[in-house]
Amino acid sequence: MIKKVRKAVFPAAGLGTRFLPATKASPKEMLPIVDKPMIQYAVEEAEACNIKEFIVITGKSKRAIEDHFDHAFELEHTLKRKGKEAILKEIQRLSKHQFAYIRQGAPLGLGHAILCSKAFVNDEPFAVILSDDIIDPDDNLLGEMIKISNKYQATVLALQRIPKSEIHRYGVIAGKEIDKNIYKISDMVEKPKASDAPSDLAIIGRYILTPDIFNILEKTLPGKGGEIQLTDALKTQLKRKPVYGYLFEGRRYDGGDKVGYLKATVELALKNPSLKDEFREYLESVMKRSNNG
Ligand code: UTP
């Protein structure tokens, strides 16, 4: 019987060193893009795929995430009194979902963060969403991945073509395209040098994982950077059963990187109906000014 993807895990226990000092006392996942924290975009992506349970892996200084998705009775009461119905509805919608928070004692790596969710996920396929990878909300990346995972009953990783100069920051796959944009993966390398990368297909922050990954993670030793790497566990899984990749051709921004974060902010502001005209005008005036030296 096909088990549906009903749960999403949001690893959010990393230190966010690329965004210091902003991330010293507040979580990277709470940095806003326009008017929502990055993790809210991620949660909404899962909501759009009918996912009902949200499991957040947190660490030190991450309390703001729990507060963000919790009820805020005083605020809700005030919004109601002031007739601010639209924003009230949005806030209430999010706090009605079932959220679980698991503390990762120490940032021992993405693989270890996912392993922390074992008891909550149990024996069913689940989504993993890295909220600092911002996917354009108009693209249905996760939905496509769930379809592929249902069809093949297997793990599916999101892939994107990445230029050589940046490939050393990613896990990179070797594989064969078996259907349009669907790859059967034959190997993976975590953060290779450009000269050692098996392709330009990098793994980005969306995964549908089958639950056997937990037993593998339990036996995975620390790898690159002394961290328990998800890529190493996926390599083991790959030896036991097929693992697939889905090549995403839409827009993605690396919100954990300063320039990526700025790009996401500009692009999403230009899509926001209440901001776009004024903001476009402003950007044009900035361009004119910089062209004039
Ligand atoms: P990153 O590689 O982006 O690390 O982690 P980071 O600590 O968040 O940021 P930098 O590189 O120091 O700036 C990828 C994802 O895995 C999570 C992070 O929260 C992020 O969503 N993660 C990483 C954990 O939850 N636990 C870990 O031990 C490591």
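Quick caveat, the model's predicted, so the values are computed rather than measured.

(A) Structural view of the packing of helix α10 (residues 258–271) against helix α11 (residues 276–291). α11 packs onto α10 with a crossing angle of 130 degrees between their chain directions and a minimal axis gap of 7 Å. Taken together, α10 and α11 sit at an angle that is classed as oblique. Contacts between α10 and α11 pair V266, A269 and L270 from the former with K276, F279, R280 and L283 from the latter. Along the lines of polarity and charge, the residues of the contact of α10 with α11 split into five nonpolar, no polar and two charged.

(B) Broad picture of the pattern of salt bridges. Under the counting rule described, the total for this entry stands at 19 salt bridges. The salt bridge involving D132 is made with K28; its shortest N-O contact spans 2.7 Å. Here K28 lies in the loop between β1 (7–11) and β2 (32–33) and D132 lies in the loop between β6 (126–129) and β7 (133–135), a separation of 104 residues in the sequence. Here the two residues D132 and K28 agree in accessibility, since each one is buried. Taking the shortest distance from any N to any O, the salt bridge between D133 and R252 comes out at 2.9 Å. With D133 in strand β7 and R252 in strand β13 (residues 252–254), this pair connects stretches of sequence that are 119 residues apart.

(C) Geometry of a positive patch on the surface. Residues K24, K60, R63 and R103 make up a contiguous surface patch of positive charge. By the secondary structure assignment, R63 is in helix α2 (residues 63–68).

(D) Just the environment of A46, in detail. Structurally, the position occupied by A46 is in helix α1 (residues 38–48). The sequence separation of A46 and A127 amounts to 81 residues, and the corresponding C-alpha distance is 8.3 Å. In this structure A46 touches A8, F10, I51, F54, I129 and L142, once residues within four positions along its chain are discounted.

(E) Just the site of the ligand, in detail. As a structural note, the neighbourhood of the ligand is formed by 17 residues, with T17, R18, K28, Q104 and G109 the closest of them. At 2.7 Å, a side-chain N or O of K28 approaches an oxygen atom of the ligand. Between an oxygen atom of the ligand and a side-chain N or O atom of E29, the distance comes to 3.4 Å. Burial of the ligand by the protein amounts to 82% of the accessible area it has alone, namely 570 Å².

(F) Inspection of unusual backbone geometry at higher detail. For the bond running from L20 to P21, omega is 5 degrees, close enough to zero to count as cis. Counting through the fold element by element, P21 comes out in the loop between β1 and β2. Phi at N50 takes a positive value of approximately 70 degrees, unusual for a residue other than glycine. You can see N50 is positioned in the loop between α1 and β4 (53–58). Although it is not a glycine, K191 adopts a positive phi angle of roughly 45 degrees.

What counts, and where the lines are drawn
Residues numbered from 1 in each chain as written. Predicted model: local features only at pLDDT ≥ 70, side-chain atom pairs only at ≥ 80, totals over all residues. Heavy atoms only, no water. Axes fitted to C-alpha atoms, helices over the stretch in contact; angles between N-to-C directions. Helix = DSSP H or I, 4+ residues; strand = E, 2+ residues; numbered from the N terminus. Parallel < 35°, antiparallel > 145°, perpendicular 65-115°, else oblique. Contact = heavy atoms within 4.5 Å. Nonpolar A, V, L, I, M, F, W, Y, C, P; charged D, E, K, R; others polar. Salt bridge = Lys/Arg side-chain N within 4 Å of Asp/Glu carboxyl O. Buried < 20%, exposed > 50% of the residue type's maximum accessible area, 1.4 Å probe, protein only. Patch = residues over 30% accessible without salt bridge, like charges linked within 9 Å, V, L, I, M, F, W, Y side chains within 5 Å. Areas by Shrake-Rupley, 256 points an atom, 1.4 Å probe, with all protein chains shown as cover. Lys, Arg positive; Asp, Glu negative; His and termini not counted. Charge placed at Lys NZ, Arg CZ, Asp CG, Glu CD. Near = heavy atom within 4 Å. Polar contact = N/O pair within 3.5 Å; in protein donor to acceptor, adjacent residues only side chain to side chain.

These values are about where atoms sit, not about what they do.
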